[in-house]
Amino acid sequence: MATLRVAAKPEVAPMKVAQISKPGADFEIVEREIPEPGAGHVRIKVQACGVCHSDVLTKDGIWPGIQYPRVPGHEVAGIIDEVGGGVSAWEKGQRVGVGWHGSQDNTCRECRRGDFRNCRNLKIPGISYDGGYQQYMVAPVEALAAIPDTLNDVEAAPLLCAGITTYNSLRHSGAFPGDLVAVQGVGGLGHLGIQFANKFGYKVAAIGRGSENAALATKLGASVYIDSTATKAAEALQKLGGAQVILATAPSSKAMSELVDGLGPNGKLMVIGATFDPIEVTPIQLISGSRTIQGWSTGTPADSEDTLRFAELAGVRPMIETYPLEKADEAYARMLSGKAQFRVVLTM
Ligand SMILES: [Zn+2]
Ligand SMILES: [Zn+2]
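The rules behind the values
Residues numbered from 1 in each chain as written. Chains lettered and ligands numbered in written order. Predicted model: local features only at pLDDT ≥ 70, side-chain atom pairs only at ≥ 80, totals over all residues. Heavy atoms only, no water. Helix = DSSP H or I, 4+ residues; strand = E, 2+ residues; numbered from the N terminus. Rg over C-alpha atoms; globule rule 2.2 N^0.38 Å. Buried < 20%, exposed > 50% of the residue type's maximum accessible area, 1.4 Å probe, protein only. Contact = heavy atoms within 4.5 Å. Areas by Shrake-Rupley, 256 points an atom, 1.4 Å probe, with all protein chains shown as cover. Lys, Arg positive; Asp, Glu negative; His and termini not counted. Charge placed at Lys NZ, Arg CZ, Asp CG, Glu CD. Bend = angle between axes of the 7 residues up to and from the residue. Pairing = 2+ DSSP bridges. Axes fitted to C-alpha atoms, helices over the stretch in contact; angles between N-to-C directions. Donors = N, O, S within 2.8 Å, 3.2 Å for Na, K, Ca; no water. Tetrahedral: all angles 85-135°; square planar, octahedral: opposite > 155°, others 65-115°. Polar contact = N/O pair within 3.5 Å; in protein donor to acceptor, adjacent residues only side chain to side chain. Parallel < 35°, antiparallel > 145°, perpendicular 65-115°, else oblique. Phe/Tyr/Trp six-rings, centres within 6.5 Å; stacked < 30°, edge-to-face > 60°. Core = buried A, V, L, I, M, F, W, Y, C linked by side-chain atoms within 4.5 Å.

Chemist: How should the overall build of the chain be read in this particular structure?
Modeler: Counting its regular elements, the chain contains 10 helices and 15 strands. The globule rule puts the C-alpha radius of gyration for 348 residues at 20 Å, and the 22 Å found for the chain is close to it. Burial analysis of the chain (348 residues in total) assigns 52% to the buried set. Intrachain contacts of the chain at a sequence separation of at least 6 include 66% that bridge at least 24 residues. Total accessible area on the chain is roughly 16000 Å²; 52% of this is exposed by carbon and sulfur atoms. Charged side chains of the chain number 33 positive and 36 negative; the gap between the two group centres comes to 3 Å.

Here it is, written out as structure tokens:
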């Protein structure tokens, strides 16, 4: 009689994730089983994930309808490790990134018009599903952007949110090469905005608080540095002829309000620094000189690929501080402090 052998289930080592168990809770490092990708999804072995200020939406439960526990992270760089059913355009071993655009529904009015960035049912990694603060992440193919070989993971990660946001807003701002473009804020977004603006051929005026970032702003490509604590930035911009575009990156509505008068004729205040406070502007300020104020949010994975390729081509790189996944709480606190130089990135 043959011996009945019960095959033991192969031991699969669990993975580590940094999760938030409820709104306002601290990060918990827990072990989970490595997830399997379903149809239309891939599993990514995460190599690096940027810590973005928008992760506060997950940490503090600000996003309506968010469910817990949730793993934050929408600046993900990694390697495809497994593909689910029906996936033909992506393969195992490919380097990919995932940014804010975590998939669209393809059926809403904006999607039907090809405006996927403004999908009414946009899914966001780290909010709608678990993001990149973990060793393995499952993502739908609509979220994937290919990473060029010469960009390493820790450099690519912040380009997938901070990078794409500055690059994509500037390239849609209407500014032409040679135009005066001001970048308000020399921080996580601003230090990338200055580099992109310089490489696009603009005359770049960096606006910062205090003199300590002047040398750095110049090194990143600004030809003018305006210390907003020492001079009225709007007047300084007018002395230069008025800005065609002011890229407002620092999350201060008051600072943004003070810049409107620095715009030249047909100038545009492009708002990407997120706050909940009102920007104050009078109709007269907008009417005289036909000025506009516009907001901009990130872009699609195709825009991410453009950002990464342009960064590769032009030598634009984020300045980063790295922390291991286990220190997610420390990394997050560092990002929140505003003292990081300039993007905080978790490594797995
Ligand atoms: Zn972000
Ligand atoms: Zn849609």
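That was the structure; now back to the text.
Chemist: Sorry if this is basic, but what is going on with helix 3 (residues 153–171) here?
Modeler: Since the α-helix packs 3.6 residues into each turn, any two residues three or four apart lie on the same face. At L160, helix 3 shows its maximal kink, close to 55 degrees. The element helix 3 is largely enclosed, with a buried count of 17 among its 19 residues.

Chemist: It is not clear to me how helix 4 (residues 190–199) should be interpreted in this structure. Could you clarify?
Modeler: Buried residues dominate helix 4, accounting for 8 of its 10 residues. Buried within helix 4 are the following residues: G190, H191, L192, G193, I194, Q195, F196 and A197. G201 occupies a position one or two residues after helix 4 and carries a positive phi of about 90 degrees.

Chemist: Please clarify how the sheet that holds strand 9 (residues 203–208) should be interpreted in this entry.
Modeler: Backbone-to-backbone hydrogen bonds join strands into a sheet, with any given pair of strands oriented parallel or antiparallel. Taken together, the 6 strands give an open sheet; going across it, the order is 10-9-8-11-12-13, and neighbouring strands pair in parallel fashion. Strands with a single pairing partner mark the edges of an open sheet, and in this sheet they are strand 10 (224–227) and strand 13 (292–295). Between one strand axis and the next, the sheet turns by 20 degrees as a mean value, whatever way the strands run.

Chemist: How should I be thinking about the coordination of the zinc ion (ligand 2) in this particular structure?
Modeler: Tetrahedral coordination by four donors sets the ideal angle at the metal to 109.5 degrees; octahedral coordination by six donors sets it to 90 or 180 degrees. With distances of 2.0 to 2.3 Å, the protein atoms coordinating the zinc ion (ligand 2) are D105 (OD), C108 (SG), C111 (SG) and C119 (SG). Around the zinc ion (ligand 2), the 4 donor atoms are arranged such that angles at the metal cover 98 to 119 degrees; this shape is classified as tetrahedral. Counting along the primary sequence, the residues that act as donors to the zinc ion (ligand 2) give the motif D-x2-C-x2-C-x7-C. We classify C108 as buried; its relative accessible area is 9%.

Chemist: Explain the side chain of R291 here, please?
Modeler: Relative to the elements of secondary structure, R291 occurs in the loop between helix 8 (283–287) and strand 13. By relative accessible area, which is 14% here, R291 ends up buried. At 3.0 Å, the side chain of R291 forms a polar contact with the backbone oxygen of L263. In terms of polar contacts, R291 uses its side chain to reach the backbone carbonyl oxygen of Q285, at 2.9 Å. Here R291 is in contact with Q238, V260, D261, L263, G264, G267, Q285 and L286, once residues within four sequence places are set aside.

Chemist: What is the right way to look at the coordination of the zinc ion (ligand 1) in this model?
Modeler: Coordination of the zinc ion (ligand 1) by the protein is provided by C52 (SG), H74 (NE2) and C161 (SG), with metal-donor distances spanning 2.0 to 2.2 Å. Each donor residue of the zinc ion (ligand 1) lies on the same chain, and together they follow the pattern C-x21-H-x86-C. Pair noted here: C52 is in the loop between strand 3 (41–51) and helix 1 (56–59) and H74 is in the loop between helix 1 and strand 4 (76–83), with a separation of 22 residues, a long-range link. Like C52, the residue H74 is buried in the burial classification.

Chemist: Where do I start with the packing of helix 3 against helix 9 (residues 301–314) in this structure?
Modeler: Helix-helix packing is characterised by the crossing angle of the two axes and by the distance between the axes. Packing of helix 3 against helix 9 leaves a shortest axis separation of 8 Å and a crossing angle of 95 degrees. When the axes of helix 3 and helix 9 are compared, the pair comes out roughly perpendicular. On helix 9, the residues that touch A156, L159, L160, G163, I164, Y167, N168 and R171 of helix 3 are D303, S304, D306, T307, L308, F310 and A311.

Chemist: Please clarify how the packing of aromatic side chains should be interpreted in this entry.
Modeler: Each aromatic ring pair is characterised by the separation of its centres together with the angle its planes make. In the structure shown here, the tally under the stated rule is 10 aromatic pairs. Look at Y167 and F200: their rings are 5.6 Å apart centre to centre, the planes differ by 70 degrees, and that puts the pair in the edge-to-face class. Here F200 lies in the loop between helix 4 and strand 9 and Y167 lies in helix 3, a separation of 33 residues in the sequence. The pair Y167 / F200 is uniform in exposure class, with both members buried. Three or more aromatic residues joined by ring pairs make a cluster, and in this case those are Y167, F196, F200, Y202 and F310.

Chemist: When you look at the nonpolar core in this model, what are you seeing that I'm missing?
Modeler: Among the nonpolar cores identified, the biggest contains 42 residues, and L170, I194, F196 and Y202 are the most heavily contacted of them. For this core, the secondary-structure elements that each account for two or more residues are helix 3, strand 8 (180–184), helix 4, strand 9, helix 5 (214–220), strand 11 (243–248) and helix 9. Considering each element in turn, this core owes the most residues, 7 residues, to helix 3. With sequence-adjacent residues up to four places away left out, F196 is seen in contact with L159, G163, T166, Y167, L170, T307, F310 and V316. Membership of the second largest hydrophobic core comes to 35 residues, among which are I44, W90, L144 and L346.

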